[in-house]
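Coordinate analysis (summary)
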Amino acid sequence: MFQNNPLLAQLKQQIEANKEYVEGKVKASDKSFGFLECDKENFFIPPTEMKKVMHGDTVKAVVKREGDKASVEIDSLIEPMLERFIAQVRYNKEGKLQLAVDHPSIKQNLPANTHKKVTETLKNGDWVVAQLKTHPLRDDRFFFAQVTQFICKESDNFAPWWVTLARHEQPREPVANEKSYELHDELEREDLTHLYFTTIDSPSTQDMDDALFVEPIEENGLQAGWRLVVAIADPTAYIPENSNIEKAARQRCFTNYLPGFNIPMLPRELSDDLCSLVPNEKRPALVGFIETDLEGNLTKEANFTLAWVESKDRLAYDNVSDYLENVENAWQPQSAETKQQIDWLHQFTQARIQWRAKNALLFKEQGDYKFELNEDGSVKDIHVEYRRIANQMIEESMILANICCAKFLSENAKTGVFNTHSGFDSKNYELVKSFLLQTLATDENREALAERYSAERLMTLDGYCEMQRDIQDFPERFLELRLRRYLTFAEFKTEVAPHFGLGISHYATWTSPIRKYGDMVNHRLIKQVLLGKQASAVEESVLTRLQEARRQNRLVERDIADWLYTHYLFPMVEQAVEFECEIADVSRGGLRAKVINNGAQIFVPFSTLHDNKDEMDYRQEELALYIKGEKAYQIGQEVKVKLTEVRVETRSIVGNII
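Residues numbered from 1 in each chain as written. Predicted model: local features only at pLDDT ≥ 70, side-chain atom pairs only at ≥ 80, totals over all residues. Heavy atoms only, no water.

1. Focus: the overall build of the protein
Of regular secondary structure, the protein possesses 16 helices and 30 strands. Taken along its principal axes, the extent of the C-alpha atoms in the protein is 105 × 70 × 60 Å. When burial is assessed residue by residue, the protein has 50% of its 658 residues classed as buried. Residue pairs in contact within the protein that sit at least 24 positions apart in sequence constitute 66% of those at least 6 positions apart. Surface accessibility of the protein: about 33700 Å² in total, with carbon and sulfur atoms responsible for 46%. For the protein, the centre of its 81 positive side-chain charges and the centre of its 105 negative side-chain charges are spaced 6 Å apart. (Helix = DSSP H or I, 4+ residues; strand = E, 2+ residues; numbered from the N terminus. Buried < 20%, exposed > 50% of the residue type's maximum accessible area, 1.4 Å probe, protein only. Contact = heavy atoms within 4.5 Å. Areas by Shrake-Rupley, 256 points an atom, 1.4 Å probe, with all protein chains shown as cover. Lys, Arg positive; Asp, Glu negative; His and termini not counted. Charge placed at Lys NZ, Arg CZ, Asp CG, Glu CD.)

2. Let's talk about the domain arrangement of the protein
Domain parsing of the protein yields domain 1 (16-79), domain 2 (84-156), domain 3 (190-418 + 507-559), domain 4 (422-488) and domain 5 (576-657). A separation of 27 Å is found between the C-alpha centroids of domain 4 and domain 5. Taken residue by residue, the interface counts nine residues in domain 4 and 10 residues in domain 5. Note on domain 4 versus domain 5: buried area summed over both sides is about 720 Å², and carbon and sulfur give 48% of it. Looking only at domain 4, the three residues that lose the most surface to domain 5 are Phe478, Arg482 and Arg485, adding up to 59% of its buried area. In this assembly, domain 4 and domain 5 are joined by two salt bridges. For Glu582, the salt bridge identified is with Arg477, shortest N-O distance 2.6 Å. For the pair domain 4 and domain 5, the number of links is four residue pairs in polar contact (both at pLDDT 80 or more). Looking at the side of domain 4 that touches domain 5, the elements with two or more residues in it are helix H10 (429-440) and helix H14 (478-484). Looking at the side of domain 4 that touches domain 5 residue by residue, the classes come out as four nonpolar, one polar and four charged. (Domains from an automatic or database assignment. Buried area = accessible area lost by both parts, 1.4 Å probe. Salt bridge = Lys/Arg side-chain N within 4 Å of Asp/Glu carboxyl O. Polar contact = N/O pair within 3.5 Å; in protein donor to acceptor, adjacent residues only side chain to side chain. Nonpolar A, V, L, I, M, F, W, Y, C, P; charged D, E, K, R; others polar.)

3. Concerning the packing of helix H8 (residues 336-359) against helix H9 (residues 389-412)
Where H8 meets H9, the closest approach of the two axes is 9 Å, and the angle between their N-to-C directions is 65°. Our pair here, H8 against H9, has a crossing hand that is left-handed. Where H8 abuts H9, its residues Ile342, Leu345, His346, Phe348, Thr349, Gln350, Arg352, Ile353 and Arg356 lie against Ile389, Gln392, Met393, Glu395, Glu396, Ser397, Ile399, Leu400 and Ile403. A class-by-class count of the residues in the contact of H8 with H9 yields nine nonpolar, five polar and four charged. (Axes fitted to C-alpha atoms, helices over the stretch in contact; angles between N-to-C directions. Left-handed = near helix turned anticlockwise from the far one by under 90°.)

Rendered as structure tokens:
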């Protein structure tokens, strides 16, 4: 009777047209209710509606307004929070399998079963990968998941590594080794084994991919410059382009360096043995000859060749630095030739550092935090390591070698894997200008600085470098840290473009082919040029994978570090340990403080900073918190923080400002 009633259909259309729809992301609370965060307004989600959704779901909902209160009724699912996810096994009282999702804001356990390919007998606490199979909004049913992969037992000391690698779908095993390896050379190699190459690495390094030889260039009996010979391991000599190893390297893209061990991009037989430039062993290499004047300026185009080389001495960073810094009872070179190479390389490095300070940009010294582990994977200690002179010697040589590679490829191959960085994000130029003028300008120089920091000027490499030199001696770090938020990300490109972060017009890495797939690609291109062949265009898919793999590796490193920090700091809560920190971020929820001597990140909630919320003002443009109109906390500021809570299950560290 009502099935085809036009009046009823019209009434339904009117009701539907009068509904207010919104789209947003679900945010769960510690209670049974939640909130729908939309672009312009947030809405209350009552407990009955929260049963249909999960924290992080993107949904469409109908707004219900009663006076000044507004809530939503969930209409449909746009995108679920969970698809593939990490969880721990939890059996309920009836012995039925449930999964505790490894996410700090997802509290409910999900009923589940196991896929037939999972052969392990699962026990409480085991770590697994699972797939969400049903969703109340998608299937008109309850939440239900399926275990698709066993990761490790809860008691596994290396669970932080295995769980994190599984989360980011990264391999935990090296690439499978081949039965044998054959050298594939189309060009005859030059014999350079007579040159006194040396390597400088950490004592534990096995995959040594660079060795250096340096000597003065003399003219009319006087030193006129330097000749640097850079020998780089040549894994592409052993790896056919369509081989399984090549395909695996293309997928991995990088050696994954984790606390305690690494997961190599290539089989260890190649990375740590056949290709590694170990001392007193003849090795195939791609070699670059580079010449500069005494001020560090390049005086001619670099020359590349295939060669045989033999490292004469294996040196360690700290030993060489101790020697050059005249540390008491320091290590001394064991031969006159090694001593000469160290001294010459030191002099060459000083020239290059001065060249970069004048013509490019130098790195700000930050220090690297290193985990010292016990055999069971627990954290024994955390050290901060700074770049010493020996590290800089290798760094400067590699930077110069990569500049030369980029110029060679851009001129001869017309393609390559180029490392680029375009400085500030294009949408931020006016914000950058405004911020710099607010911070640096006076009445006398405002007009000049407005031109100096214009978008047109900052878009150029010279203008960007000029601005960075302006702020390098600024006494407060907040200026440098604030400007970082306006930067765009570094990119891989197939055409040469400036690298603003380095302050250099050409940059393409080729010095770590054992560890980086992009460097392998550049090796093959250099070889094609040397053979007189047409260089093969680099596929965009290679750049896409490099970009994604770099992002994944950084996330893996960060997530494992977060886990290890919580284990390391957990016993210190009872002792209420206090740390010297630097404010690394200021957001609406609180401060994030970095412990200076170990790198841990401690969250300080705003609620602990002042007892009257109305008197607090978070200013995003300054990354600062004002209390009663006065600036109280700002990014870059040093503060003292007392540890108050460590939640291992969510990898969160909380403290209070002292």
